[in-house]
Amino acid sequence: MRINRTLGLALTAAVLAVAMTGCSNSASSTASSAASSEAASSVAASSVAASSVAASSEAAESEAAAASVVSTEDLDVNGTTYSADCYGEFTLSNGDTMKLWKVNGAYADLSALPMKGMAEEFPIEAEAEQIYVADVTSNGETTRQYLRTDKAGRNGTVSVKTFELGDAE
């Protein structure tokens, strides 16, 4: 009887030792490993998502300053064909999209056209005394806007104004 009891204790100790070493053949160990891996993946995914959000935020802030020309195209504005630098498509704060061109050499021809108002949002850093054309898409409908920047103000910033096409005075 004493041998059976000792053998039973030894067997119990051996089973506990195998369970504590994390043997991969054990169902509970596999489930535990899977749960641990899932938890680690979840933490890693959360960390990556947080990094991605921070990077997106930083990218959006620097997008205006870092905008570069995607292509150069000919663009017809008010009956004249100009070379235009396309900056690509931007997503505005309200979810609309804007495809933007800077129309080279058009300021002298178009600066006298009547101003409509101030642009609500401009996705790049505007240069003084330039003409821009923007195709703004909202709810599936695209509207072309004509934009003008005049000389920089006292604080050095350039305001972007919308204008209407017509005969320059």
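The following refers to the structure shown. Worth saying up front: this structure is predicted, and the values here are computed from it rather than measured.

What to know about the pattern of salt bridges
In the structure shown here, the tally under the stated rule is four salt bridges. Salt bridges linked by common partners bring Arg-148, Asp-150 and Lys-161 together as one network.

Focus: the side chain of Asp-135
Take Asp-135: it is sitting in strand S5 (residues 130–138). For Asp-135, a relative accessible area of 18% translates into the label buried. There is a polar contact of 2.7 Å between the side chain of Asp-135 and the side chain of Arg-144. Setting aside chain neighbours within four positions, we find Asp-135 in contact with Thr-97, Met-98, Lys-99, Trp-101, Thr-142, Thr-143 and Arg-144.

Observations regarding the pairing of strand S7 (residues 160–163)
Of the two faces of S7, the one holding Val-160 and Thr-162 and the one holding Lys-161 and Phe-163 are both buried throughout. Direction of pairing for strand S4 (residues 115–118) relative to S7: antiparallel, over a ladder of three bridges. Residue pairing in the sheet places Gly-117 in a bridge with Thr-162 of S7. Relative to S7, strand S6 (residues 141–149) is paired through four bridges, and the arrangement is antiparallel. Among the inter-strand pairings, Tyr-146 is bridged to a residue of S7, identified as Phe-163.

A word on the environment of Gly-105
The residue Gly-105 is located in the loop between strand S3 (97–103) and helix H3 (107–110) in this model. For the pair formed by Gly-105 and Ile-131, sequence separation is 26 residues and the distance between their alpha carbons is 8.3 Å.

Brief notes about the sheet that holds S4
Within the open sheet, the seven strands sit side by side as S1-S2-S3-S5-S6-S7-S4. Their pairing is antiparallel. Two strands close off the open sheet at either side, each with one partner strand: strand S1 (71–77) and S4. Strand after strand, the sheet turns through a mean of 40° between neighbouring axes, direction not considered.

Cut-offs and rules
Residues numbered from 1 in each chain as written. Predicted model: local features only at pLDDT ≥ 70, side-chain atom pairs only at ≥ 80, totals over all residues. Heavy atoms only, no water. Salt bridge = Lys/Arg side-chain N within 4 Å of Asp/Glu carboxyl O. Helix = DSSP H or I, 4+ residues; strand = E, 2+ residues; numbered from the N terminus. Buried < 20%, exposed > 50% of the residue type's maximum accessible area, 1.4 Å probe, protein only. Polar contact = N/O pair within 3.5 Å; in protein donor to acceptor, adjacent residues only side chain to side chain. Contact = heavy atoms within 4.5 Å. Pairing = 2+ DSSP bridges. Axes fitted to C-alpha atoms, helices over the stretch in contact; angles between N-to-C directions.

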